[in-house]
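# Understanding the architecture of this molecule
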Amino acid sequence: VRLVESGGGLVQPGGSLRLTCAASGFTFSSYAMSWYRQAPGKEREEVATISRSGRNTNYADSVKGRFTISRDNGKDTVYLQMNSLKSEDTAVYYCRAIYRETYWGQGTQVTVSS
């Protein structure tokens, strides 16, 4: 089982990034997928979740209207489009798959700074 995040980096405030999480080794379409983040000195927090079909999504209040989660079950991939980024969005971003088991990726660093 593998979850591999990519797309992180350094971006200025107000900028955008698109994170990608590529899954393998399990039946991707059977799993709800989430993005979490963890900033230095803080607990890991849930950012966004998408249902198995992609029809239902939920977002943390702090990112509503700025972030969009989506998935492509044909490509076993989940995405997080992040717009209007703020310095407080700086964190390591992780994807998570959950059904009968829970799987985590290794994370990708997002730094929002001028």
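All values derive from a computational prediction rather than experimental measurement. (Residues numbered from 1 in each chain as written. Predicted model: local features only at pLDDT ≥ 70, side-chain atom pairs only at ≥ 80, totals over all residues. Heavy atoms only, no water.)

The next thing to look at is the overall build of the protein. Looking only at helices and strands, the protein has zero helices and eleven strands in total. The order of helices and strands in the protein, counted from the N terminus, is β-β-β-β-β-β-β-β-β-β-β. Computed over its C-alpha atoms, the radius of gyration of the protein comes to 13 Å, within 12% of the 13 Å expected for a compact globule of 114 residues. When each of the 114 residues of the protein is scored for burial, the buried share is 42%. For the protein, the exposed area adds up to about 6100 Å²; of that, 42% sits on carbon and sulfur atoms. (Helix = DSSP H or I, 4+ residues; strand = E, 2+ residues; numbered from the N terminus. Rg over C-alpha atoms; globule rule 2.2 N^0.38 Å. Buried < 20%, exposed > 50% of the residue type's maximum accessible area, 1.4 Å probe, protein only. Areas by Shrake-Rupley, 256 points an atom, 1.4 Å probe, with all protein chains shown as cover.)

The next point concerns the nonpolar core. In this structure, Leu3, Met33, Trp35, Val78, Leu80, Met82 and Tyr93 are the most contacted members of the largest nonpolar core, which totals 30 residues. Those elements that place two or more of their residues in this core are strand S3 (17–24), strand S4 (32–38), strand S5 (45–50), strand S7 (67–72), strand S8 (77–82), strand S9 (91–98) and strand S11 (108–112). (Core = buried A, V, L, I, M, F, W, Y, C linked by side-chain atoms within 4.5 Å.)

In this section: the sheet that holds S8. Spatially, the four strands line up as an open sheet ordered S1-S3-S8-S7, and their pairing is antiparallel. One side of each edge strand has no neighbouring strand; the edge strands of this open sheet are strand S1 (2–6) and S7. When strand polarity is set aside, the average angle formed by the axes of neighbouring strands in this sheet is 15°. Here S3 runs beside S8; their pairing, made up of six bridges, is antiparallel. (Pairing = 2+ DSSP bridges. Axes fitted to C-alpha atoms, helices over the stretch in contact; angles between N-to-C directions.)

This paragraph deals with the packing of aromatic side chains. Throughout the structure, instances matching the rule amount to six aromatic pairs. Residues Phe26 and Phe28 carry aromatic rings whose centres are separated by 6.5 Å and whose planes lie at 50° to one another, so their mutual orientation is tilted. Comparing Phe26 with Phe28, the two get one shared label, buried. Relative to Tyr99, the ring of Tyr31 lies with its centre 5.5 Å away and its plane at 75°, an arrangement referred to as edge-to-face. With Tyr31 in the loop between S3 and S4 and Tyr99 in the loop between S9 and strand S10 (102–104), this pair connects stretches of sequence that are 68 residues apart. We classify Tyr99 as partly exposed; its relative accessible area is 40%. One aromatic cluster is present, formed by Phe26, Phe28, Tyr31, Tyr99 and Tyr103 through successive ring pairs. The ring of Trp104 carries Arg44 above its face, with NZ or CZ at 4.7 Å from the centroid. Looking at Arg71, its charged tip hangs above the ring of Phe28, at a distance of 4.4 Å from the centre. (Phe/Tyr/Trp six-rings, centres within 6.5 Å; stacked < 30°, edge-to-face > 60°. Lys NZ or Arg CZ within 6 Å of the ring centre and 35° of its normal.)

Below, the discussion takes up unusual backbone geometry. Its identity is not glycine, yet Asp76 carries a phi of approximately 55°, on the positive side. Along the polypeptide, Asp76 turns up in the loop between S7 and S8. Asp76 gets classed as partly exposed once you look at its relative accessible area, which sits at 26%. Its identity is not glycine, yet Ser84 carries a phi of approximately 50°, on the positive side. Residue position: Ser84 is located in the loop between S8 and S9. Here Ser84 falls in the partly exposed class, since its relative accessible area comes to 41%.

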